[in-house]
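# Fold and contact review
As a plain string of letters, each chain reads:
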Amino acid sequence: MNLLEQQAANRRRTWIVMAIFVGVVALVGVGVDLFVVGGGQTYVPAASLAALAVSGGQAWYGLRNGDRSVLRSTQAIPIDQRLASAASDEDRHRLRQLDNVVEEMAIAGGVPKPAIWVIPDSDPNAFATGRDPAHASIAVTEGLLRALNRDELQGVVAHEMAHIRNYDIRLMTVVAALVGAILLLADWSARVMRHGGGRGSRSRARGKDGGALVAVVFVVWIVAIIFAPALGRLLALAVSRRREYLADATGAELTRNPLALASALERIERAVEPTPAIKRGSAHLCIADPLGLRLDDREGFWANLWATHPPMRRRIAALKAMGYQ
Amino acid sequence: MTMTLILLGAIAVFAMWGIGVYNRLIGLRNQKENGWRQIDVQLKRRHDLIPNLVNTVKGAMEFERDTLTAVMEARSRAMAAVGPADAGRKEGELTQALGRLFAVAENYPQLTANQNVRMLQEELSSTENKVGFARQFYNDIATKYNIAREVFPANIIAGLFRFDAAELFEITDAGDRQVPTVDLSMKT
């Protein structure tokens, strides 16, 4: 598929996964309100709204302030400060190239130039953060600057700019809010069940509920509560992987040079050490999995399901397909 | 009574849709205009950077006076260009003159080792890239605008409010399509 077709396919798949996600949240929420709050007869969406409000509030706060805390946790240095303490002319040259490359991609994408940060880690990696294009930051590791040539660096920067342009940070925050809501609802239900079984099972015991249908729905809902947290996380990871493919394709549209990003990914893959500077919470923002989970290159069904990033080989193959169209 | 309500409802929905389409077309048209001006910004940057480059290499490249003069003259002509077609042609000639200068500079190892020259080369090639990306962005946004104004049913609104088609930036002179030949032979 050429890069525009790949973009359309990725966006479509994101929305399918989001629809399933919202469906799961709704199922769990309706169930909690029906059986725990309302007792099997009245439907009062109190628990759903409360869970969404708490989770949503946390997510909104995270969106506004998250980029600063993520950058702090990786000990990133602003590029101007890094330039001032540059060790050699070669060093300065690479940093100027980084600055120019980011500005070129900002022009190609029609977005304001993001703030640039350098992470003192020798493993090649990069991430983007920020709630919208006007408040965005891009961070690259020292290892990335050393390992890649100018075109490859531009490919990686284009991928990160694509995340910013596609509002992926915002999307993943919404996803995190939905996962949070599911977890809250499941947790509350579990507590209520343990402490006296909720109004639903009490009235069931008294035989007051509406019959077999309600009982069936009740059982389905119990099963959903048990599996919802894991399912929610799996869906969140699915969305994350889909957006990685989309960022590859959108980044390739910015540079019109998908083979450069493919070559950069190949080089990053070869440098197998994990990036200790980037913590688990920020893993989904990076260009390559920083946690080293894919060290032995397992590519089975289960390995892929729990990964934040798609397998490197498939990303490279997709980019090469764009390049040879 | 219900008939009038339904009718009013339908009109309201249609009006909201119309306003939405109109606003989207306005947004795209303004972004397209901005994209066009961005190209000028990058071209001007290139004009400003060139005298620096020429001064930096002039000392070492005494014997390449023709190449250096060609660059400065192409720059003056480009700055004096009138109209987009003329500017496009003159800027293309300037790109070719710079290309020749870079190729010739390879013959002077003390230049390529010199950090200042390398920095300037990086700045200049980055400016060339920026001009290219600015043109690419303009074409991308102009295409988005054209698609938005031509699809049905938005083309009704576009026609009503006179949203004209955007011209894409293209090479008018067939000569520009040719890859510039760089003569590295020893004759001056």
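All residue numbers here refer to positions counted from 1 along the written sequence of the relevant chain. Key to labels: chains lettered from A, ligands numbered from 1, both in the order written. Restriction of local features to residues with pLDDT of at least 70 applies here, the model being predicted, together with a cutoff of 80 or more for giving and counting side-chain atom pairs; totals for whole chains, interfaces and linings are based on all residues.

### Focus on the overall build of chain A
When helices and strands are counted, chain A shows 12 helices and four strands. Three exposure classes are used, all based on how many other C-beta atoms lie within 10 Å of a residue's own C-beta (placed from the backbone): buried at 20 or more, exposed at 12 or fewer, and partly exposed between those limits. A total of 325 residues make up chain A; the buried ones form 46% of that total. Placing a C-beta atom from the backbone of each residue, one calls two residues in contact when those atoms lie within 7 Å. Here the analysis covers contacts within chain A between residues at least 6 apart in sequence; of these, 73% occur between residues at least 24 apart. Think of it this way: any DSSP run of H or I at least four residues long counts as a helix, any run of E at least two long counts as a strand, and we number them from the N terminus.

### Thoughts on the overall build of chain B
When you go through chain B residue by residue, the secondary structure sums to seven helices and zero strands. For chain B, the N- to C-terminal ordering of α and β elements is α-α-α-α-α-α-α. Put simply, chain B has 188 residues, and 22% of those count as buried. Long-range pairs, those at least 24 residues apart, make up 76% of the contacts in chain B between residues at least 6 apart in sequence.

### A short note on helix α10 (residues 258–270) of chain A
Residue count minus one, scaled by 1.5 Å, sets the expected span of a helix. Between its terminal C-alpha atoms α10 of chain A stretches 19 Å, which fits the 18 Å expected from 13 residues at 1.5 Å a residue. Listed as buried for α10 of chain A are Pro-258, Ala-260, Leu-261, Ala-262, Ala-264, Leu-265 and Ile-268 of chain A.

### Topic: the packing of helix α4 (residues 89–109) of chain A against helix α5 (residues 115–150) of chain B
Every axis corresponds to a line fitted to the C-alpha atoms, with the helix fit spanning only the stretch in contact, and the corresponding angles, defined between N-to-C directions, vary from 0 to 180 degrees. Remark: α4 of chain A packs on α5 of chain B, axes separated minimally by 9 Å, with the N-to-C direction vectors making an angle of 10°. The pairing of α4 of chain A with α5 of chain B is recorded here as roughly parallel in orientation. Residues Asp-89, His-93, Arg-96, Gln-97, Asn-100, Glu-104, Ile-107 and Ala-108 of chain A of α4 of chain A form the contact with α5 of chain B, whose participating residues are Gln-115, Arg-118, Met-119, Glu-122, Ser-126, Asn-129, Lys-130, Phe-133, Ala-134, Gln-136 and Phe-137 of chain B. Asp, Glu, Lys and Arg are counted as charged, while Ala, Val, Leu, Ile, Met, Phe, Trp, Tyr, Cys and Pro are counted as nonpolar; the rest, among them Gly, fall into the polar class. Classifying every residue of the contact of α4 of chain A with α5 of chain B gives six nonpolar, seven polar and six charged. Angles are sorted into four bins: roughly parallel if under 35 degrees, roughly antiparallel if over 145, roughly perpendicular if 65 to 115, and oblique for all others.

### Topic: the sheet that holds strand β2 (residues 115–119) of chain A
To summarise the sheet geometry, strands pair through backbone hydrogen bonds and adopt either a parallel or an antiparallel arrangement. Residues and elements named next belong to chain A. For two strands to pair, DSSP has to find at least two bridges joining them. What the four strands build is an open sheet, ordered β1-β2-β4-β3; its pairing is mixed. Of all the strands in the sheet, just β1 (77–78) and β3 (126–129) have a single pairing partner and so form its edges. Sheet topology note: the β1/β2 ladder contains two bridges and is antiparallel. Bridge assignment links Pro-78 to a residue of β2, and that residue is Trp-117. Strands β2, β3 and β4 (137–141) of the sheet are contacted by helix α2 (residues 46–73), whose axis makes an angle of about 155° with β3.

### Looking at the confidence of the model for chain A
Averaged over every residue, the pLDDT of chain A is 81; residues scoring 70 or more account for 85%. pLDDT is a per-residue confidence score from the predictor, ranging from 0 to 100. Looking across chain A, the model is least confident in helix α8 (residues 198–205) of chain A, with a mean pLDDT of 50, and most confident in β2 of chain A, with 94.

### A look at helix α9 (residues 212–255) of chain A
Residues and elements named next belong to chain A. Under the 1.5 Å per step criterion, the end-to-end length of α9 is 60 Å for 44 residues, consistent within 8% with the ideal 64 Å. One axis fitted to the seven residues ending at a residue, another fitted to the seven starting there: the angle between these axes is the bend at that residue. Along α9, the sharpest kink reaches roughly 50°, centred on Ala-228 and followed within four residues by the proline Pro-229. At the C-terminal side of α9, Arg-256 shows a positive phi close to 55°.

### Quick word on the interface of chain B and chain A
Taken together, the contacts link 15 residues of chain B with 10 residues of chain A. Sort the elements by how many residues they give to the side of chain B that touches chain A and α5 of chain B lands first, with 12 residues. Grouping the constituent residues of the side of chain B that touches chain A by class yields five nonpolar, seven polar and three charged.

### Structural notes on unusual backbone geometry
If a residue is not glycine, its phi is most likely negative; likewise, a peptide bond is most likely trans. With an omega of 5°, the peptide bond between Phe-152 of chain B and Pro-153 of chain B qualifies as cis. Relative to the elements of secondary structure, Pro-153 of chain B occurs in the loop between α5 and α6 (154–160). Unlike most non-glycine residues, Arg-256 of chain A shows phi in positive territory, near 55°. We classify Arg-256 of chain A as partly exposed; it has 15 C-beta atoms within 10 Å. Here the phi dihedral of Arg-162 of chain B falls at roughly 55°; this positive angle occurs in a residue that is not glycine. Locating Arg-162 of chain B in the fold gives a position in the loop between α6 and α7 (174–177).

### Some remarks on the nonpolar core
Residue and element names in this part refer to chain A. Ranked by size, the top nonpolar core spans 64 residues in total, and within it Met-105, Ala-126, Ala-139, Val-156, Val-157 and Leu-261 carry the most contacts. With residues up to four places along the chain from it excluded, the contact list for Ala-139 reads Leu-71, Thr-74, Ala-76, Trp-117, Ile-119, Ala-126 and Phe-127. If you look at the next biggest cluster of nonpolar residues, it comprises 32 residues, including Val-17, Leu-52, Leu-184 and Ala-186. Core membership is restricted to buried Ala, Val, Leu, Ile, Met, Phe, Trp, Tyr and Cys residues, and these are joined into a nonpolar core through C-beta atoms within 7 Å.

### Re the pairing of β3 of chain A
Residues and elements named next belong to chain A. Covered by surrounding structure in β3 are Ala-126 and Ala-128 together with Phe-127 and Thr-129, the residues of both alternating faces. Pairing of β3 with β4 involves four bridges; the strand directions are antiparallel. Directly across from Ala-126, in β4, lies its bridge partner Val-140.

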